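# Topology and contacts: notes
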Amino acid sequence: MNLLRVLDALLQEGSTVGAARRIGLTQPAVSAALARLRDALDDPLLTRLGRALEPTQFALDLKQPLHDKLAEIENLLSAPSRFDPKTAQLDFRIAGSDFFAELLMPDLARHLAANAPGIRVQLVNLVPDDYVETLEQFEIEMALIPRVDFPPWAESRDVIRSTFSLIARAGHPRLAQAGLSPGDTIPIDLYCDLGHVLFSPEGRTTGMGDDALAAVGRDRQVVMTMPVFSGVYNAVAESDLIALLPTQLANRVAPRLGLSLYQAPMPLPTPTLCMMWHRRATSSPAHAWLRDQIAVILAPITCLPLPVANG
């Protein structure tokens, strides 16, 4: 088992120095263990390439299964231990957009301060197209993301179903000229003629709203993209641009920014947002506790009604 732990560390770190630091051994001890592993498995496992160690194909095939099995064994052996949130000293890294910075983290901060003062939660940027690999490499414990087809090793739990609202600054001249009041549906010609701000961490210039318009044979003018939702609603608040925003988030920020909420002229999907984590963490009492706290906090905002009056 100790040799397998060394092999796992070597495959994760790619160097004897990094592996030694990861598992608390000396570099010579790691090198000696590698020599024993090569003899036992009849494979070089890692070969020197410059200053790095390059894994053989056999080692690459072992990398993830070995990592998962060691984690499962660790969870199995630690399962009987009790978890007390009031005394626990733990760090959790969660990947998610600033939707959750606004709608989850303030309430979670208050809850942790009162019930689990030794638990630290870090919300880190959701890296487009890389959250699965990030989670798999132990860099984060959980991702808060739209539901998609997840890999077999992933577990998930739905937390929010989100409708979308269209936001514009209060007193928007084109909307006022059209005789529209907050809560009204914007005519499709006007909707397509106005400039739009698009939330796109990847910098794409089309998104869900464009797909919905294409389904009815129309398109719009995306004149700005933002990698964060806060950029979207701040740009709208200071201009005559408009944007689609998750209704829960729009309701939260509209009063303080002077935004009005309207309905889009075409049908829009209602995405499901979920917690996604590696199955090796499913039986962890601390991880399960945090999942439950997040679900409870988000439950009341699963789908808020569209306001019919400004503010």
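Worth saying up front: this structure is predicted, and the values here are computed from it rather than measured.

### Notes on helix H13 (residues 285-298)
Compared with the 20 Å implied by 1.5 Å per residue over 14 residues, the 20 Å span of H13 between its first and last C-alpha is a close match. Inspection of H13 places Ala286, His287, Trp289, Leu290, Arg291, Gln293, Ile294, Ala295, Ile297 and Leu298 among the buried residues, and these make up the whole buried set.

### Digging into the packing of aromatic side chains
In the structure shown here, the tally under the stated rule is 4 aromatic pairs. The rings of Phe99, Phe100, Phe199 and Phe229 are connected pair by pair, giving a single aromatic cluster. For arginine 291, the ring lying beneath its charged end belongs to tryptophan 277, and the centroid distance is 4.2 Å.

### Overview of the packing of helix H11 (residues 229-237) against helix H12 (residues 247-257)
Working note: a packed helix pair is described by the angle between its axes plus the distance between those axes. Running from N to C, H11 and H12 point in directions that differ by 40°, and their axes come no closer than 11 Å. When the interaxial angle is binned, H11 and H12 end up oblique. The chirality of how H11 crosses H12 is right-handed. Contacts between H11 and H12 involve Phe229, Tyr233, Asn234 and Ala237 on the former and, on the latter, Leu249, Val253, Arg256 and Leu257. Of the residues contributing to the contact of H11 with H12, the split by class is 6 nonpolar, 1 polar and 1 charged.

### Looking at the sheet that holds strand E11 (residues 259-262)
With antiparallel pairing, the 3 strands of this open sheet are ordered in space as E10-E7-E11. On the outer flanks of this sheet lie strand E10 (243-246) and E11, each paired with one strand and no other. The mean angle between the axes of side-by-side strands here comes to 45°, regardless of whether they run parallel or antiparallel. Packing against the sheet, H11 makes contact with strand E7 (164-169), E10 and E11, and its axis sits at approximately 135° to E10. Docked against the sheet, H12 engages E7, E10 and E11, running at close to 110° with respect to E10.

### Overview of the sheet that holds strand E12 (residues 272-278)
As summarised here, the arrangement of the 5 strands in space is E4-E3-E5-E12-E6, forming an open sheet in which the pairing is mixed. Of all the strands in the sheet, the pair left with one neighbour each is strand E4 (119-124) and strand E6 (154-161). Taking the axes of each pair of neighbouring strands and ignoring which way they run, one obtains an average angle of 25° across the sheet. Pairing of strand E5 (residues 142-146) with E12 involves 4 bridges; the strand directions are antiparallel. Opposite alanine 143, over in E12, you have methionine 276 as the bridge partner.

### Quick look at the confidence of the model for the chain
Taken as a whole, the chain shows an average pLDDT of 88; of its residues, 91% reach a score of 70 or greater. Throughout residues 304-311 the model reports pLDDT below 50, and contacts reaching past four residues in sequence, or to other chains, amount to 22 contacts.

### Considering the pairing of E11
Two faces make up the sheet, and in a regular strand the side chains alternate between them. Here E11 shows two buried faces, one formed by Leu259 and Leu261 and the other by Ser260 and Tyr262. Relative to E11, E7 runs antiparallel, the two sharing 4 bridges. By the bridge assignment, leucine 166 is partnered in E11 with tyrosine 262.

### Notes on the side chain of threonine 247
Examined against the element boundaries, threonine 247 turns out to sit in helix H12. Here threonine 163 takes part through its side chain, which lies 2.8 Å from a polar atom of the side chain of threonine 247.

Cut-offs used in this document
Residues numbered from 1 in each chain as written. Predicted model: local features only at pLDDT ≥ 70, side-chain atom pairs only at ≥ 80, totals over all residues. Heavy atoms only, no water. Helix = DSSP H or I, 4+ residues; strand = E, 2+ residues; numbered from the N terminus. Expected span 1.5 Å × (residues − 1). Buried < 20%, exposed > 50% of the residue type's maximum accessible area, 1.4 Å probe, protein only. Phe/Tyr/Trp six-rings, centres within 6.5 Å; stacked < 30°, edge-to-face > 60°. Lys NZ or Arg CZ within 6 Å of the ring centre and 35° of its normal. Axes fitted to C-alpha atoms, helices over the stretch in contact; angles between N-to-C directions. Parallel < 35°, antiparallel > 145°, perpendicular 65-115°, else oblique. Left-handed = near helix turned anticlockwise from the far one by under 90°. Contact = heavy atoms within 4.5 Å. Nonpolar A, V, L, I, M, F, W, Y, C, P; charged D, E, K, R; others polar. Pairing = 2+ DSSP bridges. pLDDT = per-residue confidence, 0-100. Polar contact = N/O pair within 3.5 Å; in protein donor to acceptor, adjacent residues only side chain to side chain.

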